[in-house]
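Residues per chain are reported as follows:
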Amino acid sequence: MALPSSPTKLYSSLLLVAGVALLVVGSMMQLCAATLDEQIELIWGASHTYFFMDGDTESLALSLDEQQGSCFRSRDTYLYGSISMDIKLVEGNSAGVVATIYTISEGPWSYHDEIDLEFLGNLTGEPITLHTNIFANGVGGREEQYYLWFDPTADYHTYTIEWNPKYIIIRVDGKAIRAFKNYEDQGVPFPTWQQQRVYGSLWDADEWATQGGAVKTDWSNAPFVAYYRNYNTTWCQPSPGVSWCGAEPKDSPRFDLDQQTLADIQWVNANYRIYDYCSDHKRFNESEFPKECYLQRAGV
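Just so you know, these numbers come straight off a predicted model, no measurement behind them.

The rules behind each value
Residues numbered from 1 in each chain as written. Predicted model: local features only at pLDDT ≥ 70, side-chain atom pairs only at ≥ 80, totals over all residues. Heavy atoms only, no water. UniProt positions renumbered as here; feature names shortened; annotations may be inferred. Buried < 20%, exposed > 50% of the residue type's maximum accessible area, 1.4 Å probe, protein only. Contact = heavy atoms within 4.5 Å. Helix = DSSP H or I, 4+ residues; strand = E, 2+ residues; numbered from the N terminus. Disulfide = S-S within 2.5 Å. Pairing = 2+ DSSP bridges. Axes fitted to C-alpha atoms, helices over the stretch in contact; angles between N-to-C directions. Polar contact = N/O pair within 3.5 Å; in protein donor to acceptor, adjacent residues only side chain to side chain.

Undergrad: How should I be thinking about the UniProt feature "glycosylation site" (unreviewed entry) in the protein in this particular structure?
TA: The UniProt feature table records "glycosylation site" (unreviewed entry) at Asn122. Given a relative accessible area of 11%, Asn122 falls into the buried group. Not counting residues up to four positions away in its chain, the partners in contact with Asn122 are Gly92, Asn93, Ser94, Ala95, Pro127, Ile128, Thr210 and Gln211.

Undergrad: Please clarify how unusual backbone geometry should be interpreted in this entry.
TA: Trans peptide bonds make up most of the peptide bonds, and negative phi angles are found at most residues other than glycine. A cis amide bond links Ala222 with the next residue in sequence, Pro223, at an omega value of 0°. In this fold, Pro223 is placed in the loop between β13 (196-204) and β14 (224-235). One non-glycine residue with positive phi stands out, namely Asp173, at about 50°. Relative to the helices and strands, Asp173 is located in the loop between β11 (167-172) and β12 (175-181). Using a relative accessible area of 39% as the deciding quantity, one classes Asp173 as partly exposed. The phi torsion at Gln211 lies on the positive side, around 50°, for a residue other than glycine. Structurally, Gln211 can be placed in the loop between β13 and β14.

Undergrad: Even after reading the chapter, I still don't get the state of the cysteines, so can you show me in this structure?
TA: Disulfides are covalent bonds that link the sulfur atoms of two cysteine residues. Within the structure shown, the criterion is met by two disulfides. In this model Cys236 forms its disulfide with Cys245; the gap between the sulfur atoms is 2.0 Å. Taking the sign of the torsion about the S-S bond as the criterion, the disulfide between Cys236 and Cys245, at about -100°, is left-handed. Judged by its relative accessible area of 2%, Cys245 is buried.

Undergrad: Mind showing me how you'd approach the sheet that holds β12 here?
TA: Hydrogen bonds between backbone atoms are what pair the strands of a sheet, whose relative direction is either parallel or antiparallel. Across the sheet, which stays open at both edges, the seven strands sit in the order β2-β3-β14-β5-β10-β11-β12 with antiparallel pairing between neighbours. Two strands in the sheet have a free side with no partner beyond their single neighbour: β2 (49-54) and β12. Averaged over all pairs of adjacent strands, the angle between their axes in this sheet comes to 25°, without regard to strand direction. The pairing of strand β5 (residues 81-88) with strand β10 (residues 157-163) spans seven bridges and is antiparallel. Each bridged residue has a counterpart across the sheet, and for Ile83 the counterpart in β10 is Ile161. Across the sheet, helix α3 (residues 259-271) touches β11 and β12, and the angle it forms with β12 is around 100°.

Undergrad: Quick question: what am I supposed to make of the UniProt feature "active site" (unreviewed entry) in the protein here?
TA: Cross-referencing UniProt, the feature "active site" (unreviewed entry) maps to Glu114 and Glu118 in the present numbering. Structurally, the position occupied by Glu114 is in strand β7 (residues 114-120). Owing to a relative accessible area of 8%, Glu114 belongs among the buried residues under this scheme. The contact partners of Glu114, leaving out residues within four places of it in the chain, are Tyr102, Thr103, Ile104, Trp109, Asn133, Ile134, Phe135 and Gln196. At 2.9 Å, the side chain of Glu114 and the side chain of His112 are in polar contact.

Undergrad: Would you mind going over the side chain of Thr100 with me for this structure?
TA: Turning to its location among the elements, Thr100 is positioned in strand β6 (residues 97-105). Polar contacts involving the side chain of Thr100 include one to the side chain of Ser201, which spans 2.6 Å. Sequence-distant contacts of Thr100, that is, excluding residues within four places in its chain, are made with Leu117, Glu118, Tyr199, Gly200, Ser201, Trp203 and Tyr228.

Undergrad: Could you clarify how one ought to interpret the sheet that holds β7 in this entry?
TA: Pairing in this open sheet of eight strands is antiparallel, and the strands run β1-β4-β13-β6-β7-β8-β9-β15 from one edge to the other. Both edges of this open sheet fall to β1 (40-44) and β15 (273-276), since each of them pairs with a single strand only. Averaged over neighbouring strand pairs, the angle between their axes works out to 15° when direction is ignored.

This is the structure in C-alpha cells:
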C-alpha cells in the first residue's frame, strides 16, 4: 500500500480509517446488545402478551382478562445491583388490577428474599397506589405505600430497585422514595446471600388491592393492558481494590446515602407516603413493632 504523499493526505486517510473503525465497533455493539425478548422470558399468559416496537424501542404488553393474566421473568439472576424498567400502567378503571415489578430468590419459601413494587389499580380518576415490601430470610411485613406525583397511566416512567450490602433503595424517575438499611448486625434480616430474579406481572387481586377489597374488578373493561420497556441492569460496583460488593468493608462509606437521596426521601415521605408499617399502631402494639422501626431510618 502506497503512503500518502502529504501530511494533509495522511490526516485524511487516518480520519477515514478511524471512521470505518467506529462504524465497525458501532455495528458490533448493536449486534451484541441484548433485545428485550433476549433479556426476559414469558412464564405464564403468553397468549396474553406481545412484543412490539414503540417508536424505536422494543416494548412488551402484558394483558389481563377474566381467564388469565400474564407474567415475565429475567433470564439472569442478581446478587446486588441496580435494576430498572419503564412502565406505563393500565388506563381508566383499573380497580382490582395489580401490575408488578419485583425481585425474588428461588430457594425455599421459608427463607426467601424479595423486593416488591406493586401498583394497585383504582377507579377512574382515583390515584394508583405504589405498594412496596421487603422480605429477607422469609420475613416480610415491611409495607410502605405511596401515591405518585404524576399520572402513571399517561406515559412511561422509570422504576428502579438499587440493592447493595448497605441499603435497598427504591427510585421513581431517579427520585429515591424509600431506603431500607442493613441492620443485620442488630438482628434485622437483610438479603445478603441469595441471588434474585426479576419478575413483572399483571394479575387480578380484587380481594384486597383496591380500598382493601371493597372495589372489585369490572371485567367489562377487560382486557387490561400495562406496558413495559427499557429493562436495564447494572452490577454493583465495589470500591477500588475490593473483589466484589459483598466484600466491601463494613465501615466503608461506599454505599452511604448522599444528601440528594435523603432529601428526596424526606420530600416523598412528607407529601406522598400514605402508609408506613412502622407507624401502624393498630397492627402493632409498642412491644411488637419490628426491630428496625426503633433504629435510624432514612428520611424519617
